[in-house]
Every structure is written in C-alpha cells, then in structure tokens.
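Topology and contacts: notes
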Amino acid sequence: MLPTLRQLQYLKLLAEHGSFSRAAEAAHVSQPALSSGVQELERILGAAVVERTRGRVQLTAVGAEAVRRAEDVLARTEDLVEAARNAGRPLSGRFRLGVIPTVAPFLLPAKLPGLKARYPALRLFIREDLTPRLVAGLKAGQLDAAVIALPYNAPGIDHARIGDDEILAAAPVGHRLAGSGPIPPGSLGADDLILLEDGHCLRDQALAAFDIEAPRGEDVFAATSLHTLVQMVSSGLGVSFLPEMAVRAGLADDPGVVIRPISAEAPRREIVVAWRTGSSRAAEARLLAEALTLD
C-alpha cells in the first residue's frame, strides 16, 4: 500500500501546527479522523512519524523526512489541479506570488494595472517577504512564483529575467561622499555604513560590490525597510545603498540625501521571476516575467 494524499496532508498540517486539534481544525475534519489517518500512515511506512507527549507533538526523524517529501508531492498535485482547471487559459485563476520588500513597493504599483488588464481572469495573491522565506515557500508549494533578486544561490529553482536594477549609494548632504560622479573604489568602509537588517539580499549584494564586510557589534543599527534607511541617511547617520527602481519611484526625494553611482562599472542586481523546478506553472511564470519587464 501507498500513503494517500489525505494522509500526507494530515502529516503536513500536524508539522505546521504542532497539535492534533489545531491540525484537525485546519483540515476541516474531526481530531479522531486526523489521528486515525496519521496512525494508518505510520502503519504503511512501518515507523512512527510523531512522538505524542502531553501538550505537544514532536516529529520523529522518519516523520521529518516524510513531511519534506510530502510537501513536494502535495505541491505537485496542487499544480496538476490548477493546470487542469486553467488549461488553455494562461494566468487565470489563483496565482500566489511572492515579492521581496526591496522590489514590491516600486515594481508592483507600476505593473499590476497592465497585468490585470492583460489577464482579467487572474486572481493574484501577493506575499511580501525576504528571499529565503520566499524560496522556501516555492519549494513547499505555498507559492507559485516569486520576484527575487540575483545573485542568490537557490538549487531547485528556475527563473526568467525581468531586468537589471542598478545599486546606488545614498549619502547625507555635507558628507565627504556627497559629491558628484561615481564613488571611487576604496572610498567607503564598514564604519560609514548603515544597512538593511540581515536577510535582505540587497544588503549582501551591495556589500559584495564594495568588497567589504558588514559592520558588526551591538551598537550597529539595521533598518527594517528602505523608507527607514532613507530617513537615517537624511539624518546624517551614515551612507547606505538604494536600488535604482526605488530612486526612480521618488524614495530618495529628500533634500538631506545625495544619490551617487557606485564606481564606473555600476553594480547591478538582476530581478527575476522564480519558480520551483518542474512546476506545471512554469510557462505562466515566464508570461508573468514578460508582463513585469523593467522599462
């Protein structure tokens, strides 16, 4: 015998919620029905998948591996159902799109109206999050595609190009780097920098462009958003980096901020639409990339 999709779904929900009662509620079944399904799964696998202790549920090693594989099976099954429903009608029905925070506020307002006009049957659900969590969501089948920035190492993920986005420097008025023209190599050090918090790929890409390590220590302040970062620069707290699309959108229109290119060979990040390798919605993700292409 093989496990059923329902049994795999029960195990996945159990791993997510850590409780038989909450997992049963999410599955819209009774707790005895979910418990029975998990027990049957254990019988089929010939090993326990959970350890039942008072107040909590802990996955066994077999259970953790089963969840990892179940996520892929369930994601591919959902792909199959969605593809069948929308056969011959690309970008129609539900489409779950992730977008990184350093792209979402600047790309989506400009592109979504045209996308909706081009694909009126599309029901787009957008999740804004950091790249590692978006990639995890793609692999777990929680997202159909995600707009991320490269370079980023993500095995098992394919992508289609949207365009390049130059990385620019932002300095306070009066700062020694608040001049004109490209910033020369070696002129910026870690002590000058204020950055986005760890986890933002823009942070790592900008630091790599200058070949410097991120400032460390308990007194290092990290911004949670580009809007906060601009305010910090304007207040004279240091120099930072901004994507060109944000500058074009007016984010740096502040009298206390000077924008400068970084070196003659300006560093760039590549904006792409990414999806799980083998996804049945790959063709739609490519169409989405075409619709979101940077001008």
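Residues numbered from 1 in each chain as written. Predicted model: local features only at pLDDT ≥ 70, side-chain atom pairs only at ≥ 80, totals over all residues. Heavy atoms only, no water.

Examining the side chain of Glu42
One can find Glu42 in helix α3 (residues 31-45). A relative accessible area of 13% means that Glu42 is categorised as buried. Other than its neighbours up to four places away in sequence, Glu42 contacts Ala47, Ala48, Val49, Val50 and Arg52. (Helix = DSSP H or I, 4+ residues; strand = E, 2+ residues; numbered from the N terminus. Buried < 20%, exposed > 50% of the residue type's maximum accessible area, 1.4 Å probe, protein only. Contact = heavy atoms within 4.5 Å.)

Notes on unusual backbone geometry
Leaving glycine aside, a negative phi is the common case for residues, and trans is the common case for peptide bonds. The amide bond that connects Leu150 to the next residue, Pro151, takes the cis arrangement and shows omega of 10°. In this fold, Pro151 is placed in the loop between β5 (145-150) and β6 (157-172). Phi is positive for His28, which is not a glycine, with a value near 60°. With respect to the element layout, His28 can be found in the loop between α2 (20-27) and α3.

With respect to the side chain of Arg96
Among the secondary structure elements, Arg96 is positioned in strand β3 (residues 93-99). Since its relative accessible area comes to 14%, Arg96 is described here as buried. Excluding anything up to four places from it in sequence, Arg96 contacts Glu78, Phe125, Gly141, Gln142, Leu143, Asp144 and Ala145.

Quick notes on the layout of surface pockets
Quantified by volume, the largest pocket comes out at close to 390 Å³. What lines the largest pocket is a set of 18 residues, among which Leu5, Gln9, Lys12, Leu74 and Glu78 lie closest to the centre. Tallying contributions element by element places helix α1 (residues 5-17) first for the lining of the largest pocket, with six residues. Put simply, the second largest pocket is a space of about 280 Å³. Forming the walls of the second largest pocket are Phe106, Leu107, Ala110, Lys111, Asp164, Asp165, Glu244, Met245, Arg248, Ala249, Leu294 and Asp295. Looking at the lining of the second largest pocket, the elements that each hand over two or more residues are α5 (104-118), β6 and α9 (244-248). Here the lining of the second largest pocket takes four residues from α5, the largest share from any one element. Broken down by class, the residue content of the lining of the second largest pocket amounts to six nonpolar, no polar and six charged. (1 Å grid on protein atoms, 1.4 Å probe; cavity = no way out; pocket = protein on both sides within 12 Å on 5 of 7 lines; lining within 4 Å. Points joined across faces, edges and corners; volume = space filled by probe spheres on them. Nonpolar A, V, L, I, M, F, W, Y, C, P; charged D, E, K, R; others polar.)

Digging into the nonpolar core
Grouped burial of nonpolar side chains is what soluble globular proteins tend to show. Counting residues in hydrophobic clusters, the biggest one holds 69 residues, and the most contacted among them are Val103, Val147, Ile148, Ile162, Leu226, Phe241 and Val273. When residues in this core are grouped by element, the largest group, seven residues, is from β6. Not counting chain neighbours up to four residues away, the residues in contact with Ile148 comprise Ile100, Thr131, Leu134, Glu270, Ile271, Val272 and Ala274. Ranked by size, the runner-up nonpolar core spans 18 residues in total, among them Leu34, Val57, Val67 and Ala70. (Core = buried A, V, L, I, M, F, W, Y, C linked by side-chain atoms within 4.5 Å.)

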